[in-house]
Amino acid sequence: MALRARALYDFNSENPGEITVKENEIVTLYSENDIEGWLEGVNSRGERGLFPASYVEILKNDTAPSYNNITAGDGYIGSRYSNVPTVDYDPTFKSQAQHENFTQAPAAGFSSFPVTSQQEHSFQASQGSDDDWDDDWDDSSTVADEPGVVGGSYHDYDGTGPSTYRLTTRSDASSISRGGNAQHPKSSATVSRNLNRFSTFVKSGGEAFVLGEASGFVKDGDKICVVMGQYGPEWQENPYPFTCTIDDPTKQTKFKGMKSYISYKLTPTHTQNPVSRRYKHFDWLYTRLVEKFPVISVPHIPEKQATGRFEEDFISKRRKGLIWWMNHMTSHPVLARCDVFQHFLACTDEKAWKQGKRKAEKDDMVGANFFLTISTPASSLDLQDVESKIDGFKSFTKKMDDSVLQVNATANEFARKQITGFKKEYQKVGQSFKTLSQAFELDQQTYSAGLNHAIAYTGEAYDAIGEYFAEQPKQDLDPVMDLLALYQGHLANYPDIIHVQKGALTKVKESQKHVEEGKMESPQAEGINERCNIISFATLAEIQHFHQIRVRDFKAQMQHFLQQQISFFQKVTHKLEEALQKYDNA
């Protein structure tokens, strides 16, 4: 007799191997024994996969037909990942994951987290490129930490240096909460972990933070504040805003000319001290930022290119992309103030650069510990309202992504037509007028000379207009496509950011159900709810920032586009008016 269960809540699958179930939906189970809080079954749509055990109640006296056709040949063990098309099941996964992720407790204040998919892409893409790290402003030695400095965090044990706060969400230690010191009860094993240890929620440290496993020291300078603004949560403004120019791309060589690279001059307005940076420095900084800020959309840097790196067009295009990137970095209240970005902008000394690089790479406040640095308003958010807003933003980003792709394709096609088709057609018209003028010149009458000259000038005017069309995309369409490329990167970041917040909400729902069933104490569930509240504040603040810069950027870019279009057609009109005037005296 097949086991069946009724869904108590809606569950939307976020990862391969999971299935979506709706409230009151009947699902067929393969076993009533959960696997680390997850059950495997088939929903009413015939989809097979995993869903949280706490989201369903098992129907004991059910007489539905059993799945007698499931045999060993069906690969029951592999059915756990039957929705994953390219990943094979590893029978050692469970024990290895438990050993690596759960049984090895890190030292207090330290934690190690896997590299995100963006970071993996960044490291893989850097293989075999001339932009790779070498011995230029880098070495293979380990720079000794300064006294009281560990991974860039300044610990003040004597209470005489910069203020530090020992924050933890661990169940066996005191934590500083908004109301003061509070003891949390011991974590309950009934709060399930995600079976998919490769999900963004797990890799970002979000799960560890929500389950109370983060611990670290937070300096005053490391605090990231979320405040309530006119339209909801938002990042606290940077009290010292600045911008940074990127100029003078210059080809340089090293190793007696054996290796070449392009350097850019960066001049921040708050220091006025120019620094020279290569693409590999931007790439290193991007990787550090992605690792450190799991709920912030770090703008993508222009892609690497193996060939043609020293061609003028490529250098110009990359510089424009880096300018857009820098504009978004300096506009972000959190990214603009972070230590590693300031080190990137200000450091001019080789030894100091290496030390700062090592500190950034050993930064302790990443992953789960990053969330300890977030300071939120005292009031709590309505998580149901938060979920509704997140779902709305998810739909918005999907629609915007589709629209951006459409605009980008249309702009590309239109630019191609201008550069080739329009230029060719206008010059063909011009050549035809020139041919007509040459034919008229066979008439030696003096009274026809003015007309012949006017027609020839008309042909030249159309030749010039053809050139105008070929040059125009650089003025109007290219900047639009540069902006679209930057926002495609942002839109690619948000599914992971949303997934972290969704994962936290799922844990809250599980804990609430456990409290109702008497499996968890209320203070423990309240702790999970508070930590989810922090992630929700941060996510909504990042969404608010995205909308603000989106309105700013697209308003300015559309104004620029239309201004350039007006200037272009005015130039075309002026050229035609000049040709028209030639006929006045013809």
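Conventions we followed
- Residues numbered from 1 in each chain as written.
- Predicted model: local features only at pLDDT ≥ 70, side-chain atom pairs only at ≥ 80, totals over all residues.
- Heavy atoms only, no water.
- Pairing = 2+ DSSP bridges.
- Helix = DSSP H or I, 4+ residues; strand = E, 2+ residues; numbered from the N terminus.
- Buried < 20%, exposed > 50% of the residue type's maximum accessible area, 1.4 Å probe, protein only.
- Contact = heavy atoms within 4.5 Å.
- Axes fitted to C-alpha atoms, helices over the stretch in contact; angles between N-to-C directions.
- Expected span 1.5 Å × (residues − 1).
- Bend = angle between axes of the 7 residues up to and from the residue.
- Polar contact = N/O pair within 3.5 Å; in protein donor to acceptor, adjacent residues only side chain to side chain.
- Salt bridge = Lys/Arg side-chain N within 4 Å of Asp/Glu carboxyl O.

Draft legend 1. Local environment of the pairing of strand E12 (residues 224-229). Inspection of the sheet shows E12 paired to strand E17 (residues 374-375) by two bridges, in the parallel sense. Its bridge partner lying in E17, Ile224 is registered against Ile374. Here E12 pairs with strand E13 (residues 232-235) via four bridges, running antiparallel. In the sheet register, Val227 faces E13, and the bridge partner there is Glu234. Remark: two residues form the turn of the hairpin made by E12 and E13, two consecutive strands paired antiparallel.

Draft legend 2. Main features of unusual backbone geometry. A positive phi angle is found at Asn24, which is not glycine, with a value near 75 degrees. One can find Asn24 in the loop between strand E1 (3-7) and strand E2 (26-29). Looking at Asn24, the relative accessible area reads 52%, which means it is exposed. Positioned with a positive phi, Gln272 is a non-glycine residue whose angle comes to about 60 degrees. The residue Gln272 is located in the loop between strand E15 (259-268) and strand E16 (275-278) in this model. Residue classification places Gln272 among the exposed positions, given a relative accessible area of 53%.

Draft legend 3. Examining the sheet that holds E17 more closely. Taken together, three strands build an open sheet; the order of strands is E13-E12-E17 and the sheet is mixed. Taken across any chain shown, the strands that pair with only one partner, and hence form the sheet edges, are E13 and E17. The sheet strands contacting helix H12 (residues 522-581) are E12, E13 and E17, and the helix crosses E13 at an angle near 80 degrees.

Draft legend 4. Seen up close, helix H9 (residues 383-440). The terminal C-alpha atoms of H9 lie 82 Å apart, and with 58 residues this matches the ideal 86 Å at 1.5 Å per residue to within 8%. The sharpest bend along H9 measures roughly 45 degrees and falls at Gln418. Two or three places before Gln384, at the opening of H9, Asp382 has a side-chain oxygen 3.0 Å from that residue's backbone nitrogen.

Draft legend 5. Representation of the pattern of salt bridges. Summed over all chains, the structure comprises 26 salt bridges. Among the salt bridges present, the one from Glu361 reaches Arg358, with a minimum N-O distance of 3.9 Å. Placement of both Glu361 and Arg358 in helix H8 (residues 350-361) is noted, with a separation of three residues, approximately one turn of the helix. Of the residues examined, Arg358 reaches a relative accessible area of 12% and is grouped as buried. Note that Lys423 is salt-bridged to Glu467, the shortest N-O span being 3.5 Å. Linking Lys423 in helix H9 with Glu467 in helix H10 (residues 449-471), this pair joins segments that are 44 residues apart in sequence. For Lys423, a relative accessible area of 24% translates into the label partly exposed.

Draft legend 6. Focus on helix H7 (residues 339-346). Along H7, the residues that are buried comprise Val340, Phe341, His343, Phe344 and Leu345. Buried positions along H7 lie against strand E14 (244-254), E15, E16, helix H5 (279-292), helix H6 (312-331) and H8.

Interpretation note: all reported values are geometric properties and have no functional meaning in isolation.
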